[in-house]
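Descriptive analysis of the structure
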Amino acid sequence: MNTVLKSALFSMIAFLVGFTAFEPASSPGAQKRLSDALEQALPSLASVQDYWTASKVSFQLASARSRLNEMPAACEALSQSLDYYRKAVANDTDTPLRTAA
């Protein structure tokens, strides 16, 4: 993966997560903005096949959705985190995805 692109993605995620720090963590508005920012970052991570980071971001998204009491969306994000984790393991071990699952 291109290191410049990876650095840009990490910077974008760090900015978006840090941006929400200006409001109290219990603020529903801050939680909603955080979850929206995390959700927008995921396609970029998946497109560059950074599945480890995509898994972590999906897990954070699941936590944010849970705090907003959006349980179906939280479960979906948690499931997506597991899918990205499996892809990361498959890529790192040169194992077919079916075997890694």
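Relevant structure appears above.
Residues numbered from 1 in each chain as written. Predicted model: local features only at pLDDT ≥ 70, side-chain atom pairs only at ≥ 80, totals over all residues. Heavy atoms only, no water.

A word on the environment of Ala41
Within the element layout of this structure, Ala41 appears in helix 2 (residues 28-47). The spacing of Ala41 and Val57 is 16 residues in sequence and 8.1 Å in space, taken between C-alpha atoms. (Helix = DSSP H or I, 4+ residues; strand = E, 2+ residues; numbered from the N terminus.)

Here's the deal with the packing of aromatic side chains
Taken as a whole, this structure holds two aromatic pairs when the rule is applied. Look at Trp52 and Tyr85: their rings are 5.4 Å apart centre to centre, the planes differ by 80°, and that puts the pair in the edge-to-face class. Note that Trp52 is positioned in helix 3 (residues 51-67) and Tyr85 in helix 4 (residues 71-93), a separation of 33 residues in sequence. With a relative accessible area of 42%, Tyr85 lands in the partly exposed category. (Phe/Tyr/Trp six-rings, centres within 6.5 Å; stacked < 30°, edge-to-face > 60°. Buried < 20%, exposed > 50% of the residue type's maximum accessible area, 1.4 Å probe, protein only.)

A word on the packing of helix 3 against helix 4
Two elements in contact, helix 3 and helix 4, have axes whose closest approach is 8 Å; the angle formed by their N-to-C orientations is 165°. With respect to each other, helix 3 and helix 4 are oriented roughly antiparallel. Handedness of the crossing formed by helix 3 with helix 4: left-handed. Residue composition of the contact of helix 3 with helix 4, by class: 15 nonpolar, six polar and three charged. (Axes fitted to C-alpha atoms, helices over the stretch in contact; angles between N-to-C directions. Parallel < 35°, antiparallel > 145°, perpendicular 65-115°, else oblique. Left-handed = near helix turned anticlockwise from the far one by under 90°. Nonpolar A, V, L, I, M, F, W, Y, C, P; charged D, E, K, R; others polar.)

Considerations on unusual backbone geometry
Backbone geometry at Asn69 places phi at a positive 60°, although glycine is not the residue there. Looking at the element boundaries, Asn69 is found in the loop between helix 3 and helix 4. The phi dihedral of Asp94 falls on the positive side, at around 50°, and the residue is not glycine. Positionally, Asp94 belongs in the loop between helix 4 and helix 5 (97-100).

Quick notes on the packing of helix 2 against helix 3
A pair of packed helices is captured by two measures, namely the crossing angle of their axes and the spacing between those axes. Put simply, helix 2 and helix 3 touch, their axes get as near as 9 Å, and they point 160° apart. Compared by their axis directions, helix 2 and helix 3 come out roughly antiparallel. By crossing handedness, the relation of helix 2 to helix 3 is classed as left-handed. Across from Gln31, Lys32, Leu34, Ser35, Asp36, Leu38, Glu39, Leu42, Leu45 and Ala46 in helix 2, the residues of helix 3 making contact are Tyr51, Thr53, Ala54, Val57, Ser58, Gln60, Leu61, Ala64, Arg65 and Arg67. The class makeup of the residues in the contact of helix 2 with helix 3 is ten nonpolar, five polar and five charged. (Contact = heavy atoms within 4.5 Å.)

Overview of the nonpolar core
Taken as a class, soluble globular proteins show a tendency for nonpolar side chains to be buried jointly. Counting residues in each nonpolar core, the largest one holds 13 residues, and the members touching the most others are Leu38, Leu42, Ala54, Val57, Leu61 and Tyr84. Looking at this core, the elements with two or more residues in it are helix 2, helix 3 and helix 4. Looking at this core element by element, the count peaks at six residues for helix 3. (Core = buried A, V, L, I, M, F, W, Y, C linked by side-chain atoms within 4.5 Å.)

Some remarks on the side chain of Gln31
Mapped onto the secondary structure, Gln31 falls in helix 2. A polar contact is formed between the side chain of Gln31 and the side chain of Arg67, at a distance of 2.9 Å. (Polar contact = N/O pair within 3.5 Å; in protein donor to acceptor, adjacent residues only side chain to side chain.)

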